[in-house]
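# Notes for the structure review
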Amino acid sequence: MNDELKRRDRAVNWHPYTQMKTAGDALPIVKGKGVYLYDETGKKYIDAVSSWWVTLHGHAHPYIAQRVGEQLNTLEQVIFAGFTHEPAIKLSENLLNLLPEKQQKVFYSDNGSTAVEVALKMCIQYAYNRGTKKSRVLALKNAYHGDTFGAMAVSGRSIWTQPFGDMLFDVTFIDTPSTQNLENLKSQIDHFADEIACFIYEPLVQGAAGMLMYPPEPLSELMKFCREKKIVMIQDEIFTGFGRTGKLFATQYLAEQPDIMCFSKGLTGGTMPLGITTCSDEIYQAFLSDDKYKTLFHGHSFTANPLACTAALASLELLLKEETQQSIRQIVKEHESFAKTLEKHPLVQCVRQTGTILAWELKTENKTSYFNEVGRRVYDAFLRKGILTRPLGNVLYLVPPYCTTKDELRFVYDNTIEVLNDFE
Ligand SMILES: *Cc1c(COP(=O)(O)O)cnc(C)c1O
């Protein structure tokens with residue numbers, strides 16, 4: 001292979017979550033089509049992690065491309081303060097139609113982290129505008145809500161947040177709810193319920209923590225308790241939204257509903273950055289006032305970019321097609337049967353699945369750590385076989401785009417077993 005692109009990349013680019021000194025060269029990709037990515041030599045890689053969990057319908061989807069192309073030639077961008085446009089109106093209408101009744105208003109931003117920032121600011125100012133001071137935030141241990149400062153503060157403290165520790169606001173972290181600890185959690189929260197501005201959580205799946213999963217019932221119970229205590233709830237569906245959990249949104253597994261929801265990642269089918277924070281009418285009403293200081297003073301240059309909104313509209317259309325729903329169900333079913341095979345493998349433990357997300361752990365002495373070098377070796381082994389994965393330490397997972405066929409799944413499963421068999 002001609003290494004020209006690799007050389008030029010190394011000269012100028014600083015990659016995310018990458019120790020540039022020890023990392024291998026970034027692999028130049030020149031084309032994407034469906035479930036495949038292509039390098040310069042024409043070698044194809046099956047994208048088994050939806051390019052960091054964003055791609056829903058495959059790469060370079062012709063319908064999304066067509067719709068975005070038309071929009072690009074009509075209106076590419078306009079300031080969203082004082083102006084509006086059809087794609088943003090239609091997307092808000094369509095999304096709200098799919099969400100629980102409680103969600104009534106849409107606030108646009110650019111990515112998952114900003115969607116979380118907006119949600120947090122809404123909650124803090126909601127209390128402020130009502131003349132109360134609530135400064136405590138409740139979050140789950142091992143949470144991940146993004147990399148900007150506010151989002152980082154509500155994420156579990158880890159090696160990633162360590163250099164910034166002193167600058168992150170205080171957050172009370174509680175265990176993920178289970179039938180066993182539920183009463184304990186309630187009494188913990190009860191002590192300072194009046195001080196809590198909000199409770200933020202990833203429903204059912206804590207992705208970045210290593211695809212940790214927990215059941216909906218105790219979460220619903222905890223939410224019910226928060227509702228009674230008037231604690232505002234932020235549900236981060238940035239990863240779990242748009243079909244990932246087998247239902248359109250994880251919220252459909254829950255008996256109680258949040259006040260605020262965050263979306264990004266699959267929102268545009270993974271084609272473009274866009275973030276959305278939705279909220280209840282009650283939250284929204286607290287910002288309506290003749291007093292200008294009660295305004296939510298937040299916005300980004302590209303708020304509600306028409307191209308990104310159009311991509312999201314096209315992606316939603318594809319997502320709701322019976323054909324897509326059918327293939328989501330197929331992935332869930334195929335994962336279920338592969339999980340049984342995986343469970344029997346001597347190197348595998350803790351196989352878990354929520355919808356289209358299948359994860360398992362490799363047995364290693366050195367327990368789950370992001371820096372576990374096992375991950376790197378497995379990553380390389382998969383890549384050689386033409387499969388893109390991205391292990392989280394010793395946690396391996398598959399999060400395929402919904403267009404992945406049965407044969408393509410089979411290819412990934414078979415190679416997974418081969419990689420495991422070759423290991424050590
Ligand atoms: C990825 C992710 C985020 C952050 O989104 P970015 O677009 O990467 O900033 C926030 N919350 C959850 C649950 C995520 O998975």
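Refer to the structure above for everything that follows.
One structure accompanies this document, and this report is about it. (Residues numbered from 1 in each chain as written. Predicted model: local features only at pLDDT ≥ 70, side-chain atom pairs only at ≥ 80, totals over all residues. Heavy atoms only, no water.)

Under the 1.5 Å per step criterion, the end-to-end length of helix α12 (residues 373-384) is 17 Å for 12 residues, consistent within 8% with the ideal 16 Å. Among all positions in α12, only Val374, Gly375, Val378, Ala381, Phe382 and Leu383 are buried. On its buried face, α12 sits against β3 (44-47), β14 (357-362), β15 (387-388), β16 (395-398) and α13 (406-422). (Helix = DSSP H or I, 4+ residues; strand = E, 2+ residues; numbered from the N terminus. Expected span 1.5 Å × (residues − 1). Buried < 20%, exposed > 50% of the residue type's maximum accessible area, 1.4 Å probe, protein only. Contact = heavy atoms within 4.5 Å.)

It is worth spelling out the environment of Phe80 at this point. Position of Phe80 among the secondary structure elements: in the loop between α3 (62-72) and α4 (86-98). A residue is classified by how much of its surface remains accessible, and Phe80, at 27% relative accessible area, is partly exposed. Other than its neighbours up to four places away in sequence, Phe80 contacts His85, Ala88, Tyr108, Thr303 and Ala304.

Before going further, it helps to examine the packing of α3 against helix α10 (residues 306-320). For any two helices packed against each other, the geometry comes down to the angle between their axes and how far apart the axes lie. Taken N-terminus to C-terminus, the directions of α3 and α10 make an angle of 150°; their axes are 9 Å apart at the nearest point. By the angle class used here, α3 and α10 are roughly antiparallel. Between α3 and α10 lies a crossing whose hand is right-handed. Two secondary-structure elements touch here, α3 through Tyr63, Ile64, Arg67, Val68, Gln71 and Leu72 and α10 through Pro306, Leu307, Thr310, Ala311, Leu313, Ala314, Ser315, Glu317 and Leu318. (Axes fitted to C-alpha atoms, helices over the stretch in contact; angles between N-to-C directions. Parallel < 35°, antiparallel > 145°, perpendicular 65-115°, else oblique. Left-handed = near helix turned anticlockwise from the far one by under 90°.)

A few words on the site of the ligand. The ligand sits among Trp53, Asn111, Gly112, Ser113, Tyr144, His145, Gly146, Glu202, Asp236, Ile238, Phe239 and Lys265. In the model, an oxygen atom of the ligand is placed 3.5 Å from a nitrogen or oxygen of the Asn111 side chain. Contact between the ligand and Tyr144: a nitrogen atom at 3.5 Å from a main-chain N or O atom of the residue. In isolation the ligand has 380 Å² of accessible area, and contact with the protein removes 83% of it. The residue makeup of the shell around the ligand, split by class, is four nonpolar, five polar and three charged. (Near = heavy atom within 4 Å. Polar contact = N/O pair within 3.5 Å; in protein donor to acceptor, adjacent residues only side chain to side chain. Areas by Shrake-Rupley, 256 points an atom, 1.4 Å probe, with all protein chains shown as cover. Nonpolar A, V, L, I, M, F, W, Y, C, P; charged D, E, K, R; others polar.)

On to the state of the cysteines. Linking two cysteines covalently via their sulfur atoms produces the bond known as a disulfide. For the coordinates displayed, the defined rule picks out zero disulfides. As a non-bridged cysteine, Cys123 has Cys198 as the owner of its nearest cysteine sulfur, 4.0 Å distant. Cys123 gets classed as buried once you look at its relative accessible area, which sits at 1%. Between Cys309, a free cysteine, and Cys262, which holds the nearest cysteine sulfur, the sulfur-to-sulfur gap is 16 Å. Of the residues examined, Cys309 reaches a relative accessible area of 0% and is grouped as buried. (Disulfide = S-S within 2.5 Å.)

Here we come to the pattern of salt bridges. This model, assessed by the stated rule, comprises 19 salt bridges. Two residues, Glu317 and Arg67, come together in a salt bridge whose shortest N-O distance is 2.9 Å. Of this pair, Glu317 sits in helix α10 while Arg67 is found in helix α3, placing the two residues 250 residues apart along the sequence. For Glu317, a relative accessible area of 42% puts it in the partly exposed group. With relative accessibility at 19%, the residue Arg67 sits in the buried group. (Salt bridge = Lys/Arg side-chain N within 4 Å of Asp/Glu carboxyl O.)

For the rest of this paragraph, the subject is the sheet that holds strand β1 (residues 29-33). Reading across the sheet, the four strands line up as β1-β2-β3-β15 and stay open at both edges, with mixed pairing between neighbours. The open sheet is flanked by β1 and β15, the only strands paired with a single partner. (Pairing = 2+ DSSP bridges.)

Following the sequence through the fold, His335 ends up in helix α11 (residues 322-343). Residues in contact with His335, not counting those within four places in the same chain, are Gln353, Gly355, Thr356, Ile357, Leu358, Leu398, Pro400, Leu409 and Tyr413.

On to the sheet that holds strand β6 (residues 171-174). Pairing within the open sheet is mixed, and its seven strands lie in the order β4-β12-β11-β10-β7-β5-β6. Edge positions in the sheet fall to β4 (103-109) and β6, since each has one partner strand and no second. Neighbouring strand axes in the sheet, compared pairwise and without regard to direction, differ in orientation by 20° on average. With six bridges joining them, β4 and strand β12 (residues 275-280) adopt antiparallel strand pairing. In the strand pairing of β12, Ser109 is matched with Gly275.

The quantities given are spatial measurements derived from coordinates; they are silent on function.
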